[in-house]
Amino acid sequence: SVAENPTNGIQYAILNQSAQIGGTKILGIGFHLDATRVNQIPFVLLQSPTKITSNPDVSFSADGKGLGVWHSGGQIHYRFLSSQGNPSAPAKFFTDTADANSNPVSAFDSKKVVFVEAWTKGAGVFASAIDPLYATQEAEFKSIASANGMTVNADLSFDRATGKSL
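Residues numbered from 1 in each chain as written. Predicted model: local features only at pLDDT ≥ 70, side-chain atom pairs only at ≥ 80, totals over all residues. Heavy atoms only, no water.

Peer 1: Explain the pairing of strand 10 (residues 114-121) here, please?
Peer 2: In terms of residue burial, strand 10 counts as a mostly covered element, since seven of its eight residues are buried. Two strands pair when backbone bridges link them, and strand 9 (residues 105-109) and strand 10 are joined in this way by five bridges, in the antiparallel orientation. Bridging from a neighbouring strand, Ala107 pairs with Val116 of strand 10. From the end of strand 10 to the start of strand 11 (residues 124-131), which pair antiparallel, there are two residues, and Gly122 there has a positive phi angle of about 60°. (Buried < 20%, exposed > 50% of the residue type's maximum accessible area, 1.4 Å probe, protein only. Helix = DSSP H or I, 4+ residues; strand = E, 2+ residues; numbered from the N terminus. Pairing = 2+ DSSP bridges.)

Structure, rendered in C-alpha cells:
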C-alpha cells in the first residue's frame, strides 16, 4: 500500500517482507516523487519470527500523522507514524479479531478526526475508529455487516462531502 502525506508530499509505502526462514517484517519507507528515499533504511513496524502474509495498509491525516494497519496471528495490528513515516508509538492490536483473509484497510475521517479501519473475519465485516491525538480507540471494534460464507477483500473510502465512510 502507498499513501501520500498531504503536509509534506512524501509518499509512504508499507509492505510485508517474508522469508521461508527468518519470519516476516512489516516495513515502511518514505520516498519523494523523484524516487529518492526519505531514509535509506526502511522502518520495521513489526517483526514476526514466523512467516505471515499480512497485506498492510497505510493512511495519513490532513495534519500529517499516519497509521499503518495489518493482520497477524488472529489480531488486527496498528501503529502510528510521524509525518516522516517513522513509528511514533508502539504497535497495538485488537485481540482475536482477524483470520488469514482479514486484510485490513485504513482511511482518515477528517470530519470526526479519526482513522477508520475496516476488515473481514469469517462471514463478518468489522470496523474501528482510532483517535490520533490520544492514540486510543474511539470505538474498539464492532461488526458492521455479515454475509453467508466467507467475506474477503474489504475496502474503505471516506467521503468528505457527506462526512461518512463507506
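Peer 1: Where do I start with the pattern of salt bridges in this structure?
Peer 2: Once their charged atoms are close, side chains differing in charge can pair, the charge on each being opposite to the other. Per the stated rule, a full pass over the model turns up one salt bridge. Between Asp96 and Lys121 there is a salt bridge, with its nearest N and O atoms 3.5 Å apart. Residue Asp96 is found in the loop between strand 8 (92-94) and strand 9, and its partner Lys121 is found in strand 10; the two are separated by 25 residues along the sequence. Here Asp96 falls in the exposed class, since its relative accessible area comes to 57%. (Salt bridge = Lys/Arg side-chain N within 4 Å of Asp/Glu carboxyl O.)

Peer 1: Can you walk me through the sheet that holds strand 5 (residues 57-60) in this structure?
Peer 2: In any sheet, the strands associate via hydrogen bonds between backbone groups, in a parallel or an antiparallel arrangement. Pairing within the open sheet is antiparallel, and its four strands lie in the order 5-6-7-8. Both outer strands of the open sheet, strand 5 and strand 8, are each paired with one neighbouring strand and no more. Strand-to-strand twist of the sheet, defined as the mean angle between neighbouring strand axes without regard to direction, takes the value 25°. One ladder, built from seven bridges, connects strand 6 (residues 66-72) with strand 7 (residues 75-81); its direction is antiparallel. Along strand 7, the bridge assignment pairs Leu67 with Phe80. (Axes fitted to C-alpha atoms, helices over the stretch in contact; angles between N-to-C directions.)

Peer 1: Sorry, what's going on with the packing of aromatic side chains here?
Peer 2: How two aromatic rings sit relative to each other is set out by the distance from centre to centre and by the angle between their planes. Evaluation of the coordinates by the stated rule reveals seven aromatic pairs. Taking the centre distance of 5.4 Å and the plane angle of 35° together, the rings of Tyr78 and Phe94 count as tilted. Here the residue Tyr78 occupies a position in strand 7, and Phe94 occupies one in strand 8, the gap between them amounting to 16 residues. One aromatic cluster is present, formed by Tyr78, Phe80, Phe94, Phe108, Phe115, Trp119 and Phe126 through successive ring pairs. (Phe/Tyr/Trp six-rings, centres within 6.5 Å; stacked < 30°, edge-to-face > 60°.)

Peer 1: Got a minute to help me understand the sheet that holds strand 1 (residues 2-4) in this structure?
Peer 2: Overall, antiparallel pairing links the four strands, which are arranged 1-2-3-4 in an open sheet. The open sheet is flanked by strand 1 and strand 4 (43-48), the only strands paired with a single partner. Direction aside, the axes of adjacent strands within the sheet are offset by 15° on average. Direction of pairing for strand 3 (residues 24-31) relative to strand 4: antiparallel, over a ladder of five bridges. Its bridge partner being in strand 4, Leu27 is matched across the sheet by Val44.

Peer 1: It is not clear to me how the side chain of Asp57 should be interpreted in this structure. Could you clarify?
Peer 2: Its location among the elements puts Asp57 in strand 5. Looking at Asp57, the relative accessible area reads 14%, which means it is buried. Of note is the side chain of Asp57, whose polar atom sits 2.7 Å from the backbone nitrogen of Ser106. Setting aside residues no more than four positions away along its own chain, Asp57 makes contact with Ser1, Ile14, Leu67, Gly68, Val69, Pro104, Val105 and Ser106. (Polar contact = N/O pair within 3.5 Å; in protein donor to acceptor, adjacent residues only side chain to side chain. Contact = heavy atoms within 4.5 Å.)

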